[in-house]
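What follows is the residue order along each chain.
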Amino acid sequence: MSSETTQNLQSTFKQTLLALVENKPGVLNRVASLFRRRNFNVDSLTVGRTHKPHLSRMTIVVDVKRVDARIIVANLRKMVNVIDVQNISEQPHISRDLALIKVRTNDPESRNAVTTICEHYPARIVDIGTQVAIVEITAREDIVEELIDELRPIGIVELVRTGVVAMGRGTRILDSSYEPRVFANGTQAGLERYGV
Amino acid sequence: MLLSGSEIVMECLIREGVNVIFGYPGGAILPTYDAMWNYRDRIHHVLVRHEQGASHMADGYARATGKVGVCIATSGPGATNLVTGLATAMMDSVPIVAITGQVPRAAIGSDAFQETDVTGVTLPVTKHNYLVSDIHELAYTIKEAFHIARSGRPGPVLIDIPKDVQTEKIEFVYPEEPIFLPGYNPSLAADPVDIENALDLIRNAKRPIILAGHGIIMSGAMQELRELAERAQIPVTLTLLGKGAMPESHPLTVGMMGMHGAAACNYAIQEADLLIALGMRFDDRVTGNLKTYAPHAKKIHVDIDPSEINKNVRVDVGIAGDVKTVLRQLLPDLPSKTHPEWIGRIREWQEDGNERDILNYDNGEKLLGARVINDLWRYTGGEAITVTDVGQHQMLEAQYYPHQRPATMLTSGGLGTMGFGLPAAIGAKFGRPDEEVWAIVGDGGFQMTMCELATAVQENVKVNIAILNNAYLGMVRQWQEFFYEERYQSTPMVNPDFCKLAEAYGIPSMRVTSRDQIEASVAFARSHSGPVLIEYVIEKEEIIYPMVPAGADLHNMIRRPKPSEGK
Ligand SMILES: Cc1ncc(C[n+]2csc(CCOP(=O)(O)OP(=O)(O)O)c2C)c(N)n1
Ligand SMILES: [Mg+2]
């Protein structure tokens, strides 16, 4: 803490947190409840399975002061179902947001415009008809936003984004080495067995 | 051994060392109550009169003993009635395990009779909770729940058990292996670098002060705290829940800090050049305005919960660890020091405070709450376990009943839960039957859970109930007097005749209206083997001084004028 200036700690910017959590019912609810309860502003939260069936992984982007990010990390670590947490904002990392953007393409100009714009992005047209087309892009969040801005004048009629997923570069990884407990009847702790 | 889920619950409770549980039956928990029958000589069930009482009793039991308190309730309304007690325990880090019945698994989510999403409702007010959906997990879950409740920063854990899981039978094998939770590793010891940094700050400090909290008591670090204070001659201030962490008669104990703390403590904190905060969390009731808090002080903060470090107050050395372990790491290299000037300065503030003490005024015939508490202290030899409710009487207890031993002053600090006093006192008495237990309650809060009088009678629990009756929601009235131009909206109270009420329950009672009866009232309480109720009819418009208005600077206290300055 001593090496950082207070200035640094107090300015807000987007922080990307990774959390490895047990794949159990209610865990997403617990994490969401923590953010609501502590009044932390969530920009995006994604959750999905991992290479281990008993583990899920979350990428949480929050807009907070760095000092608050530490409190968030400490609060996440405290949760029983949270296995590991990292704040990768200041480490080299890869982050991706996926968007499906439905644009109006009911005349040749708009169709051409969409095609041309997509050439400048890691984007492609995945569905096209006489009325609308769907553009898919997977890229860093800011690039996705640029594309959206370019497409906007043509006429966006529907849009969906996954929210950011991220992974640190190099050998520093989230610790997924833990194996779940196996109960007498062969079921594993951590596997979904809700509402039998 | 083929056992039902309910029997497994009993077997697991016994293995956790539980011999008393507080609860209330109902449909969804009935199988477990039925199983209790065969275990009734090993686990005593206390039938409460409202589930809130069960959660506070488990809480009082836990605070008094350091063990996990257990409460039990049925689904739906039974479970929701526990919520206030869970939230109270959560705020004050008290280990409780709450067991609730749930509708059968197949009915979950169907709005079945008495179905409530209890794990959902209690999520923010528990340290952790479970819905047990498979009987094979039941025993391990209970073991895990106790482990989580009592380890690290303790707290309440709830286990919701569907009715059909309670009745299902399996071959029971107790999970003997230790709990393994990959995502839960409370930190205990400090990094040696942090210890070195903390020692440096202590060596260089000229005006150091210790802020001792509940954590000292929970980790049993009283001896270590005392050694730290004595060797480095550092004065000690206490939080409300830290009362008992250091004997209050000790020359280095300055008193309680905060909103109604001793002025000397608050001034000392504001002028200190080093705060050593141990097992406390800089609650707004102890810091006042954070922007002006302890402006000259470097800060060392030891707390078992890493998320408390730098939460409210930015610190120079933050140590997430068990305070006893950390102090033991620190003590070997702690230098002997003296701070005669600093301590002299604090003495002056203390003397000024004594001069303003209401007990040094001529109060004529008035029976002051302060006097009642101070005399209770005198006549109980300062040795009772006092369990307070919330309000002016609570602050009077904190100010006028000095405690020498840990876990002898039990109070709802973080949540400030009215209605806590009586049930928590009953729970405390179950935990420490050899101690003299006094519930010190206001006329308002007492009426929130006074149904537990019946519990005290049914169980013949020897608690002495002191009601400080000012016919007001006194603490709120004080705020109205100070900040709302004496508009006493909804604070005067028409009360029942508390002595007649006691009589209806078969409880001996006494009404005290003047000071000369106080000694006799203590003798009266002691002369009965069951619960006793004493009503102290006190001054209606007493004020608790000093007071740091909410959000004000800690040193900007409203003080009682000195007698020389006129009243
Ligand atoms: C459950 C609950 N409701 C409301 C409050 C707000 N409150 C704090 S102190 C107080 C007055 C308490 O009155 P009484 O029990 O008579 O104690 P006194 O202050 O008069 O000693 C109230 C209403 C609270 N702390 N808890
Ligand atoms: Mg009152």
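Predicted model only: the values in this text are computed from it and were never measured.

(A) Seen up close, the overall build of chain A. The secondary structure content of chain A amounts to 5 helices and 9 strands. Going from N to C terminus, chain A has its helices and strands arranged as α-β-α-β-β-α-β-β-α-β-β-α-β-β. A buried classification covers 44% of the 196 residues belonging to chain A. A separation threshold of at least 6 residues defines the contact pool for chain A, and within that pool the share at least 24 residues apart is 74%.

(B) Representation of the domain arrangement of chain A within the structure. All names here are of chain A. Domains assigned within chain A are domain 1 (3-91) and domain 2 (94-167). Computed from C-alpha coordinates alone, the two centres of domain 1 and domain 2 are separated by 29 Å. Contacts between the two partners involve 10 residues from domain 1, matched on the other side by 7 residues from domain 2. Carbon and sulfur atoms make up 55% of the surface buried where domain 1 meets domain 2, a total of about 570 Å² over both sides. Together, T46, R57 and T59 form the three largest contributors to the area buried by domain 1 at its contact with domain 2, with a combined 51%. Counting across the interface, domain 1 meets domain 2 through 1 salt bridge. The shortest N-O distance in the salt bridge between K14 and E141 comes to 3.9 Å. Taken together, the connections running from domain 1 to domain 2 amount to 3 residue pairs in polar contact (both at pLDDT 80 or more). Elements represented by at least two residues in the side of domain 1 that touches domain 2 include exactly β1 (12-22), β2 (42-49) and β3 (55-65).

(C) Quick look at helix α21 (residues 474-483) of chain B. All names here are of chain B. Inspection of α21 places G474, M475, R477, Q478 and Q480 among the buried residues, and these make up the whole buried set. Considering only its buried residues, α21 is in contact with α17 (392-400). Note on α21: the residue one or two positions beyond its end, E485, has a positive phi of about 50 degrees.

(D) Representation of unusual backbone geometry. Residue and element names in this part refer to chain B. In this structure, the amide linkage connecting Y545 to the following residue, P546, adopts the cis form with an omega of -15 degrees. Examined against the element boundaries, P546 turns out to sit in the segment after β20 (532-537). Phi angles above zero are rare outside glycine, and S93 is one such case at about 55 degrees. On the secondary structure map, S93 appears in the loop between α5 (83-91) and β5 (96-102). Residue class for S93 comes out buried when judged on its relative accessible area of 6%.

(E) Up close: the site of ligand 1. All names here are of chain B. Q392, G416, D443, G445 and G474 are the nearest of the 17 residues found near ligand 1. Residue N470 places a side-chain N or O atom 2.9 Å away from an oxygen atom belonging to ligand 1. Note that an oxygen atom of ligand 1 is positioned 3.0 Å from one of the backbone N or O atoms of Y472. Taken by itself ligand 1 offers 590 Å² of open surface, and the protein chains cover 76% of this. Counting only elements with at least two residues in the shell around ligand 1, the list comes to α17, α19 (443-449) and α21. Top element by residues in the shell around ligand 1 is α19. It accounts for 4 residues. In terms of residue class, the shell around ligand 1 is made up of 7 nonpolar, 9 polar and 1 charged.

(F) Broad picture of the pairing of β3 of chain A. Residue and element names in this part refer to chain A. Extensive coverage of β3 is indicated by the burial of 9 of its 11 residues. Pairing analysis gives 11 bridges linking β1 to β3, with the strands arranged antiparallel. Bridge pairing in β3 links T12 to K65. Judged from the 7 bridges that link them, β2 and β3 form a sheet pairing that is antiparallel.

(G) Seen up close, the sheet that holds strand β9 (residues 208-212) of chain B. Residue and element names in this part refer to chain B. Spatially, β11-β10-β9-β12-β13-β14 is the arrangement adopted by the 6 strands of the open sheet, whose pairing is parallel. Whereas interior strands pair on both sides, the edge strands pair on one side only; in this sheet they are β11 (253-256) and β14 (317-320). Within this sheet the neighbouring strands show an average axis-to-axis angle of 15 degrees, counted without direction. Pairing of strand β12 (residues 274-278) with strand β13 (residues 298-303), which is carried by 5 bridges, proceeds in the parallel orientation. Residue L278 lies in a different strand from β13, and its bridge partner there is V302.

(H) The arrangement of the sheet that holds strand β2 (residues 20-23) of chain B in detail. Residue and element names in this part refer to chain B. As summarised here, the arrangement of the 6 strands in space is β3-β2-β4-β5-β7-β6, forming an open sheet in which the pairing is parallel. Of all strands in the sheet, those with a lone pairing partner are β3 (44-47) and β6 (128-131), marking the two edges. Along the sheet, successive strands turn relative to each other by an average axial angle of 20 degrees, direction set aside. Here 4 bridges tie β6 to strand β7 (residues 156-162), and the two strands are oriented parallel to one another. In the strand pairing of β7, L131 is matched with D160.

Parameters and conventions
Residues numbered from 1 in each chain as written. Chains lettered and ligands numbered in written order. Predicted model: local features only at pLDDT ≥ 70, side-chain atom pairs only at ≥ 80, totals over all residues. Heavy atoms only, no water. Helix = DSSP H or I, 4+ residues; strand = E, 2+ residues; numbered from the N terminus. Buried < 20%, exposed > 50% of the residue type's maximum accessible area, 1.4 Å probe, protein only. Contact = heavy atoms within 4.5 Å. Domains from an automatic or database assignment. Buried area = accessible area lost by both parts, 1.4 Å probe. Salt bridge = Lys/Arg side-chain N within 4 Å of Asp/Glu carboxyl O. Polar contact = N/O pair within 3.5 Å; in protein donor to acceptor, adjacent residues only side chain to side chain. Near = heavy atom within 4 Å. Areas by Shrake-Rupley, 256 points an atom, 1.4 Å probe, with all protein chains shown as cover. Nonpolar A, V, L, I, M, F, W, Y, C, P; charged D, E, K, R; others polar. Pairing = 2+ DSSP bridges. Axes fitted to C-alpha atoms, helices over the stretch in contact; angles between N-to-C directions.

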